[in-house]
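# Report on the structure
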There are 2 protein chains.
Amino acid sequence: MDPNEPPVPILQRLREWVAIPSDSSQPSLWGEVERMLHVAADKITAMGGTVEFADVGSHELPSGASLRRPPVILAQFEKEPKKATLCFYGHVDVQPANKEDGWATEPFNLTEIDGNLYGRGASDNKGPVLAWLHAIETYLATKQEVPVNIKLVLEGLEESGSDGLEELIQQRNDTFFSDVDYIVISDNVWLSRRPALTYGTRGSTYFFVEVEGPKIDLHSGVFGGCVQEPVGDLIALLGSLLDHRGKILVPGIYESVAPVTEEESKSYQDLHFDLEEMKQEIGVECFLQDTKEAMLMARWRYPSLSIHGIEGAFSQPGSKTVIPRRVVGKFSIRQVPNMEPAVVEKQVTEHLHRVFTRRRSPNKLKVSATVGAKAWVADLKDPQYIAGRRAVKAVFGGEPELIREGSTIPVAHNFQELTGKSVMMLPIGGHDDAEHSEKEKISRYNFIEGTKLFAAYFYELSQLQQSPQKM
Amino acid sequence: MDPNEPPVPILQRLREWVAIPSDSSQPSLWGEVERMLHVAADKITAMGGTVEFADVGSHELPSGASLRRPPVILAQFEKEPKKATLCFYGHVDVQPANKEDGWATEPFNLTEIDGNLYGRGASDNKGPVLAWLHAIETYLATKQEVPVNIKLVLEGLEESGSDGLEELIQQRNDTFFSDVDYIVISDNVWLSRRPALTYGTRGSTYFFVEVEGPKIDLHSGVFGGCVQEPVGDLIALLGSLLDHRGKILVPGIYESVAPVTEEESKSYQDLHFDLEEMKQEIGVECFLQDTKEAMLMARWRYPSLSIHGIEGAFSQPGSKTVIPRRVVGKFSIRQVPNMEPAVVEKQVTEHLHRVFTRRRSPNKLKVSATVGAKAWVADLKDPQYIAGRRAVKAVFGGEPELIREGSTIPVAHNFQELTGKSVMMLPIGGHDDAEHSEKEKISRYNFIEGTKLFAAYFYELSQLQQSPQKM
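Small disclaimer: the values here were computed from a predicted structure and weren't measured.

Let's shift gears to the overall build of chain A. Each helix and strand in chain A was counted, giving 13 helices and 20 strands. Over its C-alpha atoms chain A spans a radius of gyration of 25 Å, differing by no more than 12% from the 23 Å that the globule rule assigns to 471 residues. Taking the principal axes of the C-alpha coordinates as reference, chain A spans close to 85 × 55 × 45 Å. Taking all 471 residues of chain A together, the buried fraction comes to 57%. Considering only residue pairs separated by 6 or more positions, chain A has 79% of its internal contacts joining residues 24 or more positions apart.

This is the structure we're talking about:
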């Protein structure tokens, strides 16, 4: 048997999991999410683990009725107090998928084409969850001791906002999580064709800038030129946020941004990222940065501000000559270490009020914000990153790329903040897995080598030291 | 009989006309519009006039089928070549009206409360059309010769855009309109409690500013800070149009604006317009102007620019972190005499391209414009304005207010441009008639005195001179 040819069951199992349309986007579909959770739980139980279906509260339907949310699986395997305890987080719900959306294959029928396994959830996140279970199973099947204690958190509402998870983590901080040493998440993808460890994500704060003027919408023929129009104020406010190269003009905003160390700076040089290929992919002539290093820094470790739109103004096709009485501008700031959302909110609010005051407008300004997630960054010297690098080296024969994400992954920050444990993101998905799109896939290579990576990681972690709590 | 108490029939007739729900907003309702046109035509015929139902083409339905538009009435009374010929324009269709919209009365049941006659179309425009017919009828009933030749243009699609009317005017320029000396429109309202003559309206050009960037919408977490966002470019472009007091910053835009003559300047002093009352009505703390004179000049005789909104950006309630790939900003400029729309379009387009070039953005800019209507202004020395002033003096005992409209009334400009005839707007509706709203009314006073005004106007016009064509 070719050593690269896997035994059939692990692909067959991914096919069975993908076949369950566990789309969590609508409560009416949650039956399939529950079914998927039970299939996962049965697998864990069959492997000797114990499973608790933890309640995460109810969802209020538009009718006023209340629907119990799909539970979160809290699972554990037999515990050996001397070993470090590793907790894996994953999810078994998926994004919506319909053949008519443009899928070349049946989205819930895992289909292999040229070594790629296409299907909804293949990469996000059923493939990685199964790879983790298969890594454990490999030890069991070969009658070897799993070198670390294993716990799992598997949820069914990740794609619709992880409602109730944060509360559950808090509730179980002193019980389920008390003996956890490390938390691993595998819910993102590599940057290039090379394996990666992810050690940071940006955070996000969403701003609402409301300008309110007359008590009724006005006709621009009758009142144009006579009233200070709320849209004019709002455009000036939004226009004061950025210069023509995307630099944020809010005073003080860059002050707390973590400085770039020499080591970090160097790490960008080794990354494989093709600016030209990316330009082609999204159809732009150029980026605001000329080099790979500068562009990835802009994406991962510097703040950015994007204006998303205006509520209350005319937004349909065609023409309408209204003067809207109240408009709300929307923009978001991606925060990075060490920016404090509360400070950012204060800086932005004060800036906007300063600009507004200079206009001497009779309209009313109200600025509000919601914090989507805080930035997250891990210490690369932490034992699990050392173990992660060794595991990658053992399986793939080279160093991993050390990457971050520009978008928020709230669960990483939340686990770190709420439990105080070390968190690592150890992706096994390929850079072209196209999660959320009609081309979602995981390659056979990544699925199998990813399984090996997790198994190697258990071993490398056990070799490093005893559980930090027991030192 | 109290001389101020009218004979019942003229109010009864307005009640009958208002009772016909000739809402032209939907083709499915055009049956009632046709019925209304026939009622009007029968009235004219009964008075001895001749009526032609002129075809104004067809409307294409979404089904692809074609529906004949309600015709336009072209009517005339017996002609005496020595007399001047006066053509009245009016419309017998109305805005939609439902009791549930907030009407205190039944909208199609003319209801008198405290001397006001509430009902859809009472002021816009059935009341004035009937007042015109009643003025003629007064001469006929008292066996007096009507002192001028009378023609009428009555349409049924004014509230939905007067489709086909412009073409009809052009077609009949050498026939129906060839012997017309003066055109009178009575489709607006007074400025205050005093009667008015309207001698101008602003025009309007609508601008579309399209900024196109990436070929797909982008995630602001992944690409925020790396791409030049189309919304950022658009906000800067829109922000370059106005200063904080509503002054238009497009170079050259004010250059062609007709200078204010001393006579015009004086005319504003006599106008009755209460700034405080207007502030209350629309709910603003102040206007951009401090005096009545300055505010009315800003409304009537200076250009203004209003930004209406953005198409393609996020416009719903809530939050969404998209970077839109293509956005279209919408704004309009109200033009005044002697601004040429083509010149304005060139000035604006060049200005926006200059601002855009300075940004060195990789995105694509496209500016386009549609001219809604040209500004219109009449010569107050024209005989019909002299006759109009005299008629007002005769009926109301004082000079009329000489006013303009800030909004476009395309028909005024179109008649003047297409026929080359003198056009006057001679409103009889009160300043508080609330056309298009759920409080539409005409006062018994305005309806009756308006009828007298039209009759007096026929007389004053005949006294001025013979038809200018025959001089």
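Each copy of the sequence occupies a distinct position, and chain A is placed on chain B by a rotation of 180° and an axial shift of 0.1 Å, giving an RMSD of 0.1 Å. When the rotation and shift are considered jointly, the pair of chain copies conforms to a two-fold rotation axis. Most of the interface of chain A is mirrored in chain B: 100% of its interface residues are interface residues there too.

Let us look at the sheet that holds strand S11 (residues 203–212) of chain B. All names here are of chain B. What the four strands build is an open sheet, ordered S13-S15-S11-S16; its pairing is antiparallel. Two strands bound the open sheet, and with one partner strand each, they are strand S13 (304–311) and strand S16 (364–373). Going across the sheet, the axis of each strand differs from the next one's by a mean of 20°, ignoring polarity. By the bridge criterion, seven bridges tie S13 to strand S15 (residues 326–335) in an arrangement that is antiparallel. When the bridges of S15 are listed, Leu305 appears paired with Ile333.

Turning our eyes to something else, we now look at the side chain of Ser443(B). Residues and elements named next belong to chain B. Assignment of secondary structure puts Ser443 in strand S20 (residues 441–443). Ser443 sits in the buried class, given a relative accessible area of 10%. Here Ser443 is in contact with Gly115, Asn116, Leu117 and Asp433, once residues within four sequence places are set aside.

A surface patch of like charges, here negative, comprises Glu100(A), Asp101(A), Glu106(A) and Glu438(A). For Glu106(A), the location among the structural elements is in the loop between strand S5 (85–91) and strand S6 (111–113).

Summarising the model, chain A shows a mean pLDDT of 94, and 97% of its residues fall at 70 or more. Note on residues 466–471 of chain A: pLDDT is under 50 here. Beyond four places in sequence and across chains, it has 18 contacts.

The geometry of a pair of packed helices is captured by two quantities: the angle between their axes and the separation between those axes. All names here are of chain B. The interhelical angle for the contact between helix H6 (residues 230–239) and helix H10 (residues 341–359), taken along N-to-C directions, is 135°, at an axis separation of 10 Å. Considering the angle they form, H6 stands oblique to H10. Judged by the twist between their axes, the crossing of H6 over H10 is right-handed. Contacts between H6 and H10 involve Gly232, Asp233, Ala236 and Leu237 from the first element and Leu352, Val355, Phe356 and Arg359 from the second. Each residue belonging to the contact of H6 with H10 can be placed in one class, and the counts come to five nonpolar, one polar and two charged.

Let us look at the sheet that holds S6(A). Residue and element names in this part refer to chain A. Taken together, the three strands give an open sheet; going across it, the order is S6-S7-S20, and neighbouring strands pair in antiparallel fashion. Of all the strands in the sheet, just S6 and strand S20 (441–443) have a single pairing partner and so form its edges. Each strand axis lies, on average, 30° off the axis of its neighbour in the sheet, ignoring direction. Sheet topology places S6 next to strand S7 (residues 116–118); three bridges connect them, and they run antiparallel. Its bridge partner lying in S7, Ile113 is registered against Asn116. Here helix H13 (residues 444–464) sits on the sheet and contacts S6, S7 and S20; the angle it forms with S20, its principal contact strand, is near 65°.

All names here are of chain B. Among all positions of helix H7 (residues 262–269), only Glu264, Ser267 and Tyr268 are buried. Buried residues of H7, viewed axially, fall in a sector of 100°; they line one side. Facing away from the buried side of H7 by more than 90 degrees, the exposed set consists of Glu262 and Glu263. On its buried side, H7 packs onto strand S10 (196–201), helix H9 (292–300) and strand S18 (401–405).

For an α-helix the count is 3.6 residues per turn, leaving residues at separations of three or four pointing the same way. The end-to-end C-alpha separation of H10(B) is 27 Å, in line with the 27 Å expected for 19 residues at 1.5 Å each. Buried residues in H10(B) make contact with S11, H6, S15 and S16 of chain B.

Tallied over the entire structure, the rule returns 52 salt bridges over all chains. Salt bridges here are not isolated pairs; linked through shared partners, they connect Arg13(A), Lys43(A) and Glu137(A).

Looking now at the packing of helix H11 (residues 383–396) of chain B against helix H13 (residues 444–464) of chain B. Residues and elements named next belong to chain B. Direction vectors running N to C along H11 and H13 enclose 130°, while the axes themselves pass 8 Å from each other. The pairing of H11 with H13 is recorded here as oblique in orientation. In terms of crossing hand, the pair formed by H11 and H13 is right-handed. Of H13, the residues touching H11 (which contributes Pro383, Gln384, Ile386, Ala387, Gly388, Arg390, Ala391, Val392, Ala394, Val395 and Phe396) are Tyr445, Glu449, Lys452, Leu453, Ala456, Tyr457, Glu460, Leu461 and Leu464. Its residues placed into classes, the contact of H11 with H13 shows 14 nonpolar, two polar and four charged.

On to the interface of chain A and chain B. Listed by partner, the interface residues are 70 residues for chain A and 70 residues for chain B. Around 5,400 Å² of area is buried between chain A and chain B when both sides are counted, 56% of it from carbon and sulfur atoms. Taken together, the links from chain A to chain B amount to zero salt bridges. Applying the counting rule to chain A against chain B returns 35 residue pairs in polar contact (both at pLDDT 80 or more). By residue number, the principal contributor to the side of chain A that touches chain B is strand S13 (residues 304–311) of chain A, which donates eight residues. Classifying every residue of the side of chain A that touches chain B gives 30 nonpolar, 25 polar and 15 charged.

Our focus in this paragraph is the domain arrangement of chain A. It is common to give the size of an interface as the accessible area lost on bringing the parts into contact. Residue and element names in this part refer to chain A. Each assigned domain of chain A is listed here: domain 1 (8–201 + 375–470) and domain 2 (203–258 + 301–373). If you average the C-alpha positions of domain 1 and of domain 2, the two centres end up 38 Å apart. With eight residues of domain 1 at the contact, the number on the domain 2 side is eight residues. For the pairing of domain 1 and domain 2, the buried interface totals around 630 Å² over both sides, and the portion due to carbon and sulfur atoms is 64%. Per-residue buried area on domain 1 facing domain 2 is highest for Ala375, Arg404 and Thr408; these three make up 67% of the total on that side. If you look at where domain 1 meets domain 2, you find zero salt bridges. For the side of domain 1 that touches domain 2, the class distribution of residues is three nonpolar, four polar and one charged.

Tallied over the full model, the rule gives zero disulfides over all chains. Unpaired in this structure, Cys286(A) has its nearest cysteine sulfur neighbour in Cys226(B), at a distance of 12 Å. By relative accessible area, which is 30% here, Cys286(A) ends up partly exposed.

Turning our eyes to something else, we now look at unusual backbone geometry. Look at the link from Pro337(A) to Asn338(A): it is a cis peptide, with omega at 0°. Looking at the element boundaries, Asn338(A) is found in the loop between strand S15 (326–335) and helix H10 (341–359). For Ala434(A), which is not glycine, the phi dihedral falls at a positive 55°. Residue placement: Ala434(A) occurs in the loop between strand S19 (422–425) and S20. Look at Ala434(A) and you get partly exposed, because its relative accessible area is 29%. A positive phi is found at Lys143(B), a non-glycine position, where the angle reads about 55°. As for its position among the elements, Lys143(B) is in the loop between helix H3 (126–141) and strand S8 (149–155). Overall, the relative accessible area of 77% leaves Lys143(B) in the exposed class.

Conventions adopted
- Residues numbered from 1 in each chain as written.
- Chains lettered and ligands numbered in written order.
- Predicted model: local features only at pLDDT ≥ 70, side-chain atom pairs only at ≥ 80, totals over all residues.
- Heavy atoms only, no water.
- Helix = DSSP H or I, 4+ residues; strand = E, 2+ residues; numbered from the N terminus.
- Rg over C-alpha atoms; globule rule 2.2 N^0.38 Å.
- Buried < 20%, exposed > 50% of the residue type's maximum accessible area, 1.4 Å probe, protein only.
- Contact = heavy atoms within 4.5 Å.
- Least-squares fit on C-alpha atoms with pLDDT ≥ 70 in both.
- Pairing = 2+ DSSP bridges.
- Axes fitted to C-alpha atoms, helices over the stretch in contact; angles between N-to-C directions.
- Patch = residues over 30% accessible without salt bridge, like charges linked within 9 Å, V, L, I, M, F, W, Y side chains within 5 Å.
- Areas by Shrake-Rupley, 256 points an atom, 1.4 Å probe, with all protein chains shown as cover.
- Salt bridge = Lys/Arg side-chain N within 4 Å of Asp/Glu carboxyl O.
- Lys, Arg positive; Asp, Glu negative; His and termini not counted.
- Charge placed at Lys NZ, Arg CZ, Asp CG, Glu CD.
- pLDDT = per-residue confidence, 0-100.
- Parallel < 35°, antiparallel > 145°, perpendicular 65-115°, else oblique.
- Left-handed = near helix turned anticlockwise from the far one by under 90°.
- Nonpolar A, V, L, I, M, F, W, Y, C, P; charged D, E, K, R; others polar.
- Arc of directions from axis to C-beta.
- Expected span 1.5 Å × (residues − 1).
- Buried area = accessible area lost by both parts, 1.4 Å probe.
- Polar contact = N/O pair within 3.5 Å; in protein donor to acceptor, adjacent residues only side chain to side chain.
- Domains from an automatic or database assignment.
- Disulfide = S-S within 2.5 Å.

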